[in-house]
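# Chain and residue survey
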Amino acid sequence: MGEAPAFLVDDLQDGPLNGLELKNGTCKTTTTVGDKTYVTVGAGDGTLSIDVQIFDRSLGEWVHPTVLGTKPLSCKGHSAVLCENRILVLKKGSKSDDQIWFLEVDTEYVRQQRKKLGTEVVAWSKGVIGNAEKPIVISGPSGVGKGTLISMLMKEFPSMFGFSVSHTTRAPRNMEKDGVHYHFTDKSVMEKEIKNGKFLEFASVHGNLYGTSVEAVEVVADAGKRCILDIDVQGAKSVRASSLEAIFIFVCPPSMEELEKRLRDRGTETEEQILKRLRNAKAEIEQGTSSNIFDFMLYNDKLEESYEKLKKLLGLDGFVAASPKSAAPREINLPLDHSVSKIDDKIIISSGLEKETKNLIMLDVSSLKGGAPGRTRGLDFQVIGASLDKLC
Ligand code: ADP
Ligand code: 5GP
């Protein structure tokens, strides 16, 4: 808690403000939710990122929140409007893929983190037009053939699938490249990043730390591809419990003898590591086949047959790889000088110049998906040629 910044005292004395810019600058907005007024402050000259402060009216005090998520970078100003439990922040003069942001103030994620950290929490999430296809989580014991099946899928459908590159503290194998197969990371660095909320899930597997960063999944979706995660059962369980909607597939070996043979023939582990992986395999298979985590079981006996089964359950059997790609993501171009208002779950963005209200942008926030610590997807928009009063 702290004192009110001098420039804000006068502005807040007159009672709650909502989505209005404050007197002494063009890049401070206030939004009131219950007893709290959220103030977002940007430098306006594009030199600072947007800062967040909260004035708690019931206490008459300023609260400095823990700000989670990836913060929006600098901009030439911003506007804000409340959408239930998050504040839509529109950046002025930014690139089309960096204009829409949400500051979550009371979402499920924020409530969980508030409880966990014992402090006031807000979280940033970047808004994205359109939806991403559900990611595919593939689990199974080491050596069962997950990597082989995923490689076949990515080779046949390179523009359709993208791999979530995990972080790990284990050493790279001969042919493995940093940033391609894994982000090979120091334990202390990874532990710090986990603490900072950068990971969607993490687990200790065969004595090393493995984890999926939020960014690893989001960059694949941003590229318009469907994300594939190769993670262990503990990781799959965590993803199941998260807000990420996915399809979960467990790959089973035909027998323990065959699993051992595949692990040994791969020749990438020491004898001690092979024995550890085989011991862990038993528990993994038990959990994978008995829990409710997985939507599909895939027995990887004959490789070609298993691959066909995998394609079938992903709806790709008979798919012609050369068929036209889905439409490119639509881009939104906000006017540099604009004002925002809200009608139900439509956000009306109009040019700041009154006579130019002909080209209004209507942003549809009725079907938002995901959110902090990742992107907020499901936004849609329409450019309409009508004045605001005709819409009301
Ligand atoms: P994982 O990623 O699950 O640890 P890999 O994909 O690395 O497993 O496969 C382990 C080894 O088994 C590799 O040498 C691979 O070529 C081989 N393999 C994968 N699937 C089959 C299969 N159906 N039959 C025989 N060998 C297989
Ligand atoms: P390997 O060392 O053979 O590459 O992987 C060992 C195990 O770690 C595999 O079962 C694999 O699925 C799992 N794994 C790889 N990346 C991740 C991750 O990001 N999170 C979790 N939980 N497990 C992972």
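Every chain is numbered independently, its residues counted from 1 as its sequence is written. All chains are assigned letters beginning at A, and all ligands numbers beginning at 1, according to the order in which they are written. Reporting of local features is limited, given that this is a predicted model, to residues whose pLDDT is at least 70; pairs of side-chain atoms are given and counted only at 80 or more, and all residues count toward the totals for whole chains, interfaces and linings. The basis for the side-chain values is all heavy atoms of the structure; hydrogens and waters are excluded.

Nearness of a residue to a molecule or strand requires only that one of the residue's heavy atoms be within 4 Å of it. Close to ligand 1 lie 14 residues; Gly143, Lys146, Thr148, Arg266 and Asp301 are nearest. Two N or O atoms count as a polar contact when they lie within 3.5 Å, although within protein this holds only if one can serve as hydrogen donor and the other as acceptor, and sequence-adjacent residues are included solely when both atoms are side-chain atoms. Take aspartate 301: an N or O atom from its main chain is 2.8 Å from a nitrogen atom of ligand 1. Within the contact set of ligand 1, a nitrogen atom lies 3.4 Å away from a backbone nitrogen or oxygen of leucine 303. All accessible areas in this document rest on Shrake-Rupley with a 1.4 Å probe, and a residue is counted as covered only by the protein chains that are shown. When ligand 1 sits alone it has 560 Å² of accessible area, and the protein chains cover 73% of it. Contributions of two or more residues to the shell around ligand 1 are made by helix H3 (146–156) and helix H7 (256–266). For this classification, Asp, Glu, Lys and Arg are treated as charged, while Ala, Val, Leu, Ile, Met, Phe, Trp, Tyr, Cys and Pro are nonpolar and the rest, including Gly, are polar. The residue makeup of the shell around ligand 1, split by class, is 3 nonpolar, 6 polar and 5 charged. Secondary structure follows DSSP: runs of H or I at least 4 residues long count as helices, runs of E at least 2 residues long count as strands, and numbering of each begins at the N terminus.

A pair of aromatic rings is counted whenever rings of Phe, Tyr or Trp (Trp by its six-membered ring) have centres within 6.5 Å, and the orientation is called stacked for planes under 30 degrees apart, edge-to-face for over 60 and tilted otherwise. One pass over the full model with this rule turns up 6 aromatic pairs. When the ring of phenylalanine 55 is compared with that of tryptophan 62, the centres are 5.1 Å apart and the planes differ by 55 degrees; the resulting orientation is tilted. These aromatic residues form a ring-pair network of at least three members: Tyr182, Phe184 and Tyr210.

Per residue, pLDDT measures the predictor's confidence, with a range of 0 to 100. Confidence in the prediction for the protein averages 87 pLDDT; 85% of positions are at 70 or higher. The low-confidence segment residues 323–327 (pLDDT under 50) makes 1 contact with residues lying over four places distant or belonging to another chain. Residues count as neighbours in contact if any of their non-hydrogen atoms are within 4.5 Å of one another.

Around ligand 2, the structure places 18 residues, and the nearest of them are Ser166, Arg170, Tyr182, Tyr210 and Asp230. Between an oxygen atom of ligand 2 and a side-chain N or O atom of serine 166, the distance comes to 2.7 Å. At 2.5 Å, a side-chain N or O of tyrosine 182 approaches an oxygen atom of ligand 2. Here ligand 2, which alone exposes 510 Å², has 96% of that area covered by the protein.

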